[in-house]
Amino acid sequence: MGIIRESRHFEGTRNAARPMERIHNVREAAKDFRRDLLAQSKVLFYRSFELVRVPYPTKYAYLNAFSSFSPYLHLVNRLFVIQFQSADGIKTLLASPSDWEHQKETPFFTRLGKQSGPFESVVERLIFRKTNTVLNCLASIGVRPADIDYITYDHLHTQRVTRWLGDDEQPAIFPNAKLLVMREEWESAQSLIPWQNQWYCPDGIKRVPADKVVLLDRDVFLGEGVALVRTKGHTEGNHSIVASTDGGIHVTSENGVSLDAYAPLHSRVPGVAEFARYTGAEVILNGNTVEYGVDQYISMIQEKEIAGPSPRFDGYPNMAPSSEAQGHWLFPRTHPTVSVGDLHYGTLQAPTRA
């Protein structure tokens, strides 16, 4: 039972020439993957925290499907704290630790602020909700920065990693942590084409020490009950964080921004169910860059097959989006049909440090 072990469940499932055959292959492989994950021990601790709410265009959130007039919805960015057992003892993983206090240089949000002109500060107070910070969340549950073994993001949009892992100008806040990232995502973020770079924080990964980065070339299990699964689509190197908990298997990414996106026929979000009916779409993409639309569609089906049915919401999969759509009084008719919200399972334990 090593800390990082390769999984080959989905290897070759997307090689078929016909997209619907790829979907069938992925579904079948997901059954085996889910069975093998459930045979492992559950994670020891799993908790998510709301960090910040930001405006996000509805035209991207529900690609081609949203039919009301609101140009934006609220997107809730969450931190996930996951503890798991491994051959080297108890390890602590942070998924999506967004350093939002230092990510405002992301071109999309910079431009959004400038469009408000002299009212920029007023608009920011109205539609940016700053709920919590990563360090405050950790302190509230007694986790020290030195306790963090790994950090990971389903993709690197808007992220500034240097504060956590350090660079040649500042020490690491998480001195023992390593970044787990798909090689495709890491390499892509080094050389972005124009519409991609609107969503990446400038120098967000620049000068991060090489020994702090673990590049992954395929799906992996982390100890017991946790996996990182390649789900290409939203970005070139997108992956999903999978955790077996007392609330079932939760799958986390930003391929979809709500449970509505994974079960659109049940949705009351304007236009989503209608779009699913007349197109036959099984999922609705979160498509701000539309890098790999076909792959993203397949990946969302892969995610919900791994997750299985939600024990809380009939007809929906057990997804836990890393950024979940929410409503706002300035953005009418954008609230999702059901909300995952913050989750909490298990009891935090003292990590093992060599």
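Cut-off values and rules
In every chain, residue numbers begin from 1 and rise along the written sequence. The predicted nature of this model means local features are confined to residues of pLDDT at least 70 and side-chain atom pairs, given and counted, to a pLDDT of 80 or more, with totals for whole chains, interfaces and linings taken over all residues. Where side-chain values are given, they derive from all heavy atoms of the structure, hydrogens and water being excluded. To qualify as a helix, a DSSP run of H or I must reach at least 4 residues; to qualify as a strand, a run of E must reach at least 2; elements of each kind are numbered from the N terminus. Only C-alpha atoms enter the radius of gyration; for comparison, a globular chain is expected to reach 2.2 Å times N to the power 0.38, where N is the number of residues. Burial classes: relative accessible area under 20% of the type maximum marks a residue as buried, over 50% as exposed, and values in between as partly exposed (1.4 Å probe, protein chains only). Any pair of residues with heavy atoms lying within 4.5 Å of one another is described as a contacting pair. Accessible areas in this description were obtained via Shrake-Rupley with a 1.4 Å probe; residue shielding takes into account the shown protein chains only. When charges are counted, Lys and Arg are positive and Asp and Glu negative, with His and the chain ends excluded. We put the charge of a Lys on NZ, of an Arg on CZ, of an Asp on CG and of a Glu on CD. By nonpolar core we mean a set of buried residues, namely Ala, Val, Leu, Ile, Met, Phe, Trp, Tyr and Cys, connected to one another through side-chain atoms within 4.5 Å. Pairing between strands is defined by DSSP: at least two bridges between the two strands are required. Under this scheme, a helix contributes an axis fitted over its contacting stretch, all axes are lines through C-alpha atoms, and angles between N-to-C directions fall in the 0 to 180 degree range. Note on aromatic contacts: the rings of Phe and Tyr and the six-membered ring of Trp form a pair at centre separations within 6.5 Å, being stacked when their planes are under 30 degrees apart, edge-to-face when over 60 apart, and tilted otherwise. In this scheme, the term charge over a ring applies when either NZ of a lysine or CZ of an arginine sits within 6 Å of the ring centre and within 35 degrees of the ring normal. The salt bridge definition used is simple: a Lys or Arg side-chain nitrogen within 4 Å of an Asp or Glu carboxyl oxygen. Note that the term roughly parallel is reserved for angles under 35 degrees, roughly antiparallel for angles over 145, roughly perpendicular for angles of 65 to 115, and oblique for everything else. Two helices crossing with the near one rotated counterclockwise from the far one by less than a right angle form a left-handed crossing, whereas a clockwise rotation gives a right-handed crossing. Throughout this entry, Asp, Glu, Lys and Arg are counted as charged residues, while Ala, Val, Leu, Ile, Met, Phe, Trp, Tyr, Cys and Pro are counted as nonpolar. The remaining residues, Gly among them, count as polar.

(A) How the structure looks around the overall build of the protein. Within the protein, the regular secondary structure consists of 11 helices and 14 strands. Relative to the 2.2 N^0.38 estimate, which gives 20 Å for 354 residues, the radius of gyration of the protein is 19 Å and therefore close to what a compact globule would have. Referenced to the eigenvectors of the C-alpha coordinate spread, the extents of the protein come out at roughly 55 × 50 × 40 Å. Buried residues in the protein amount to 59% of all 354 residues. A fraction of 74% describes how many contacts in the protein between residues 6 or more apart in sequence connect residues 24 or more apart. For the protein, the exposed surface amounts to about 14,500 Å²; the carbon and sulfur share of it is 51%. In the protein, which carries 38 positive and 40 negative side-chain charges, the distance between the mean positions of the two groups comes to 3 Å.

(B) The nonpolar core, seen in detail. Tyr 62 and Ile 151 are the most contacted members of the largest nonpolar core, which has 100 residues in total. Setting aside anything within four residues of it in sequence, one finds Ile 151 in contact with Leu 93, Leu 94, Pro 97, Val 161, Trp 164, Leu 165, Phe 174, Ala 177, Lys 178, Leu 179 and Leu 180.

(C) Main features of the sheet that holds strand β11 (residues 239–245). Read from one edge to the other, the open sheet built from five strands follows the order β1-β9-β10-β11-β12, with strand pairing classed as antiparallel. Bordering the open sheet on either side are β1 (4–6) and β12 (248–252), each of which pairs with just one other strand. Pairs of neighbouring strands in the sheet enclose a mean axial angle of 25°, with direction left out of account. Two strands pair when backbone bridges link them, and β1 and strand β9 (residues 220–222) are joined in this way by three bridges, in the antiparallel orientation. In the strand pairing of β9, Glu 6 is matched with Val 220. Where helix α1 (residues 19–38) meets the sheet, it contacts β9, β10 (226–230), β11 and β12, and its direction lies at approximately 45° from that of β11.

(D) Broad picture of the packing of aromatic side chains. Counted under the stated rule, the structure contains 11 aromatic pairs. When the ring of Trp 164 is compared with that of Phe 174, the centres are 4.8 Å apart and the planes differ by 15°; the resulting orientation is stacked. Of the two residues, Trp 164 sits in helix α6 (residues 162–165) while Phe 174 sits in the loop between α6 and β7 (178–182), which places them 10 residues apart along the sequence. Comparing Trp 164 with Phe 174 shows no difference in burial state: the two are buried. One aromatic cluster is present, built from ring pairs that chain together Tyr 56, Tyr 60, Phe 108 and Trp 199. We note Lys 232 situated over the ring of Tyr 292; from NZ or CZ to the ring centre the distance is 4.3 Å.

(E) Here's a closer look at the pattern of salt bridges. For the structure shown, the criterion picks out 24 salt bridges. Between Arg 160 and Glu 105 there is a salt bridge whose closest N-O contact spans 3.6 Å. With a gap of 55 residues between them, Arg 160 in the loop between β6 (150–152) and α6 and Glu 105 in the loop between β4 (89–95) and α3 (107–114) connect regions that are remote in the sequence. Judged by its relative accessible area of 42%, Glu 105 is partly exposed. Three or more residues joined by partner-sharing salt bridges are found here, namely Glu 6, Arg 8, Glu 11 and Arg 218.

(F) Summary view of the packing of α1 against helix α11 (residues 293–307). Two numbers describe how α1 lies on α11: the axes approach to 9 Å, and their chain directions differ by 25°. Relative to α11, the element α1 is oriented roughly parallel. Here the hand of the crossing between α1 and α11 comes out right-handed. Note on element contacts: α11 touches α1 through Val 294, Tyr 297, Ile 298, Ile 301, Gln 302, Glu 305, Ile 306 and Ala 307, opposite Pro 19, Arg 22, Ile 23, Val 26, Arg 27, Ala 30, Phe 33 and Arg 34. When grouped by side-chain class, the residues that make up the contact of α1 with α11 number 11 nonpolar, one polar and four charged.

Remember, this is a structural readout, not a statement about activity or role.
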